[in-house]
There are 2 protein chains.
Amino acid sequence: MSQAQARADRRWMGAALAFAEHSRGLVGTNPFVGCVVEREGRVLARGRTRETGRPHAEADALGSLDEDLTAATIYVTLEPCAHNSQRGPACTDILLTAKPARIVVAALDPDPRTAGQGAKRLRAAGIDVTVGTCEAEARAQQAGFRTRIALGRPRLTLKLATSIDGRVALASGESQWITGEAARAHGHLIRAQSDGILTGRGTWEADSPSLTCRLQGLEDRSPVPLLLSATLTELPAPLISRGGRLLHHTDQLADLAVNDILVEGGAGLAGTMLNADLIDRLLVYRAPVLIGDTAPGAGRIDLPNLAAAHGRWRRTQTRALGEDYLEIYERTR
Amino acid sequence: MSQAQARADRRWMGAALAFAEHSRGLVGTNPFVGCVVEREGRVLARGRTRETGRPHAEADALGSLDEDLTAATIYVTLEPCAHNSQRGPACTDILLTAKPARIVVAALDPDPRTAGQGAKRLRAAGIDVTVGTCEAEARAQQAGFRTRIALGRPRLTLKLATSIDGRVALASGESQWITGEAARAHGHLIRAQSDGILTGRGTWEADSPSLTCRLQGLEDRSPVPLLLSATLTELPAPLISRGGRLLHHTDQLADLAVNDILVEGGAGLAGTMLNADLIDRLLVYRAPVLIGDTAPGAGRIDLPNLAAAHGRWRRTQTRALGEDYLEIYERTR
């Protein structure tokens with residue numbers, strides 16, 4: 001492939017990834033996928049996984065299109081599904097009917113029902129299939145779905161608003177605010193990008209957090225509130241009215257029909273989740289303050305020695321947010 | 001001044017700053033200064049503050065020079081001193097005798113005996129004096145000397161080798177190693193750049209640290225070992241043989257005839273120094289590990305509320321060192 005073609009491919013795939021983003025948090029346990037149909041440098045149609053997961057992005061893009069696609073290229077952020085479902089035909093079959101000259105796929109589908117079968121069938125029909133354009137970006141966008149496929153539960157992201165010395169509150173419990181406005185606004189953006197938000201009984205009773213996204217224009221993208229408590233018997237009324245759920249045990253997280261859950265609580269919840277190895281990603285918002293050793297941090301962690309602490313986390317991003325910094329760590333598996 | 005002249009000035013001042021660096025840690029409570037004598041794009045001589053503080057950089061550069069300097073420019077990283085001393089004439093007088101066309105100074109001398117008087121007298125004699133070339137770099141290089149002038153004691157830099165959650169050891173005391181090789185090598189470079197290295201009795205008795213610089217070629221730049229203990233009556237033998245000092249109280253730090261001290265101990269020493277507001281700079285080497293809430297961090301800090309924690313530190317640098325990151329914070333004053 002020419003460098004110019006590779007550049008054009010990244011451009012159109014970038015558009016497909018950006019369009020997919022609109023479906024984040026709206027598609028349950030489905031992956032949210034984007035699709036762009038291009039011919040001679042013009043977009044003929046675009047599609048994305050729709051609410052509840054159907055139609056899929058390819059069907060959404062092609063549904064209203066009444067054109068000959070033999071000279072077109074179809075960009076899709078995840079390999080077209082190869083398995084039939086009661087909810088609609090497989091995207092691979094739809095594409096075989098459309099018969100475009102070329103299909104560009106960002107990343108193969110980890111779902112064992114597809115897992116390369118889609119690309120294989122399209123190639124067998126004589127379609128030019130390219131796999132791997134913008135693959136890293138696509139895999140990052142699909143991280144929640146991929147965690148569900150790999151581990152059978154949603155991806156769990158722990159947010160810590162913390163000091164230089166790793167404290168999330170004073171010894172007195174005071175925690176509002178350790179980080180500044182820019183960091184807190186970024187935290188609300190992450191809420192909007194999450195399907196659910198999990199807190200613990202301690203934080204609920206101490207702070208009555210709203211657990212909503214308060215960024216202008218994104219208020220309706222607030223995640224479903226989830227409260228983890230072994231002892232409470234009823235979800236508090238404010239959370240019932242928002243469609244919340246009471247969880248008595250972390251095992252119940254796997255039953256939730258979502259892909260991305262943000263964990264926001266105190267040291268108790270953080271320690272419980274970390275000790276159970278249930279955290280896939282850490283968002284550490286770090287303020288330039290020192291708090292001291294009597295204050296709580298990321299919770300109690302059972303660690304026999306230092307060697308056991310190493311090799312579990314990899315820093316993937318560092319960025320300034322006002323006076324604070326955001327560090328992102330991902331669990332190595 | 002033309003842009004080309006400003007560019008040339010930064011280039012020659014950069015050479016003077018680099019040459020000054022060779023005297024770091026060798027000049028007691030004096031500033032270590034660099035000087036370059038340039039004419040028509042060629043270096044006629046260079047000088048730096050010599051061991052024990054004399055000769056000064058200007059005298060060092062001009063001492064062996066037997067040329068007419070009326071067409072030369074003299075670059076010096078700190079304003080020439082204007083006060084006479086029993087140890088030699090003021091550099092301002094030496095420069096008035098040399099009578100160069102132009103003198104470029106990186107930063108004014110904060111010593112109240114000079115404090116602008118040097119530049120003023122040179123200008124009064126008709127010499128073209130430029131002040132402020134590479135000023136930020138020069139002030140950073142002179143930070144130890146400037147702290148001594150401003151606060152009457154050496155600059156104190158606290159090193160913390162720490163985890164995501166700010167822990168410097170396990171609850172068991174195990175601390176070797178939290179950070180990786182690149183971070184530890186950088187820590188040894190900082191030792192070489194320090195006049196003294198301060199540790200506490202706890203760390204001394206638990207780890208018997210060498211407190212030396214173990215980088216190849218820099219072994220002879222190890223800082224003087226200092227041990228802080230209210231109760232010990234004698235300096236341990238290994239530290240005596242290295243010219244070490246036993247301090248019973250932090251007040252004694254001001255009496256040490258040095259400008260830059262690195263503080264490397266455990267949570268006890270760190271907390272003592274932070275609570276006394278004796279730390280000017282934090283070097284935080286952060287490894288991608290979580291250790292948990294029962295482990296020690298930066299020590300006990302007395303903090304009435306979160307507001308009191310804010311506004312004291314400013315992050316001035318972040319850089320990757322292998323898998324770890326170095327964060328540098330400076331005390332805002």
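See the structure shown above.
Computed from a predicted model, the values in this text were never measured in an experiment. (Residues numbered from 1 in each chain as written. Chains lettered and ligands numbered in written order. Predicted model: local features only at pLDDT ≥ 70, side-chain atom pairs only at ≥ 80, totals over all residues. Heavy atoms only, no water.)

Colleague: Just give me the short version of the relation of the copies chain A and chain B, but keep the residues and values in it.
Modeller: In this arrangement, two copies of a chain are superimposed by a rotation about an axis accompanied by a shift along the axis. Superposing chain A onto chain B requires a rotation of 180° together with a translation of 0.1 Å along the rotation axis, leaving an RMSD of 0.0 Å. Look at the turn and shift together and you get a two-fold axis relating the two. Distance from the rotation axis, computed per C-alpha, reaches its smallest value in chain A at A:G166: 2.2 Å. (Least-squares fit on C-alpha atoms with pLDDT ≥ 70 in both.)

Colleague: Describe in detail the pattern of salt bridges, supporting the description with residues and values.
Modeller: All names here are of chain B. Under the definition given, this model contains 42 salt bridges over all chains. The salt bridge partner of E327 is R315, with a shortest N-O separation of 3.7 Å. With E327 in strand β13 (residues 324-331) and R315 in strand β12 (residues 313-321), this pair connects stretches of sequence that are 12 residues apart. The residues E327 and R315 share a single accessibility class, namely buried. (Salt bridge = Lys/Arg side-chain N within 4 Å of Asp/Glu carboxyl O. Helix = DSSP H or I, 4+ residues; strand = E, 2+ residues; numbered from the N terminus. Buried < 20%, exposed > 50% of the residue type's maximum accessible area, 1.4 Å probe, protein only.)

Colleague: How would you explain helix α7 (residues 181-192) of chain B if you had to name every residue and give the values?
Modeller: Residue and element names in this part refer to chain B. An ideal rise of 1.5 Å per residue puts 16 Å on 12 residues; α7 measures up with 17 Å between its terminal C-alpha atoms. Buried residues of α7: A183, H186, G187, H188, I190, R191 and A192, and no others. Looking at the buried residues of α7, the elements they touch are β6 (155-162), β7 (196-200), β10 (260-263), β11 (281-286), β12 and β13. (Expected span 1.5 Å × (residues − 1). Contact = heavy atoms within 4.5 Å.)

Colleague: Which residues make up the sheet that holds strand β4 (residues 102-105) of chain A, and what are the values?
Modeller: Residues and elements named next belong to chain A. The 5 strands lie next to each other as β2-β1-β3-β4-β5, forming an open sheet whose pairing is mixed. The open sheet is flanked by β2 (42-48) and β5 (128-131), the only strands paired with a single partner. Strand after strand, the sheet turns through a mean of 15° between neighbouring axes, direction not considered. Here strand β3 (residues 73-76) runs beside β4; their pairing, made up of 4 bridges, is parallel. Note that in β4 the partner of I74 across the bridge is I103. Helix α4 (residues 117-124) contacts β4 and β5 of the sheet and is inclined by roughly 155° relative to β5. (Pairing = 2+ DSSP bridges. Axes fitted to C-alpha atoms, helices over the stretch in contact; angles between N-to-C directions.)

Colleague: An account of the state of the cysteines is requested, with residue identities and associated values reported.
Modeller: In a disulfide, the sulfur atoms of two cysteines are held together by a covalent bond. Residues and elements named next belong to chain B. The full count for this structure, using the stated rule, is 0 disulfides over all chains. The thiol of C35 is not disulfide-bonded; the next cysteine sulfur, from C91, is found 8.5 Å away. Free of any disulfide, C81 has its nearest neighbouring cysteine sulfur in C91, separated by 3.8 Å. Judged by its relative accessible area of 6%, C81 is buried. (Disulfide = S-S within 2.5 Å.)

Colleague: Let's hear about the interface of chain A and chain B: which residues, and what values?
Modeller: Across the contact, 40 residues belong to chain A and 40 residues belong to chain B. Taking both partners together, chain A and chain B bury about 3,500 Å²; carbon and sulfur atoms supply 62% of that area. Looking at the side of chain A facing chain B, the largest losses of area belong to A:I164, A:L290 and A:L306, adding up to 19% of the total buried there. On the surface where chain A and chain B come into contact, there are 0 salt bridges. (Buried area = accessible area lost by both parts, 1.4 Å probe.)

Colleague: Before we move on, could you go through the packing of helix α3 (residues 91-98) of chain B against helix α4 (residues 117-124) of chain B and cite the residues and values that matter?
Modeller: Residues and elements named next belong to chain B. Contact geometry for α3 and α4: axes closest at 10 Å, N-to-C directions at 20°. As judged from the angle between their axes, α3 and α4 are roughly parallel. Crossing of α3 over α4 shows right-handed handedness. Mapping the contact onto sequence places T92, D93, L95 and L96 in α3 and G118, R121 and L122 in α4. Of the residues assigned to the contact of α3 with α4, the class counts are 3 nonpolar, 2 polar and 2 charged. (Parallel < 35°, antiparallel > 145°, perpendicular 65-115°, else oblique. Left-handed = near helix turned anticlockwise from the far one by under 90°. Nonpolar A, V, L, I, M, F, W, Y, C, P; charged D, E, K, R; others polar.)

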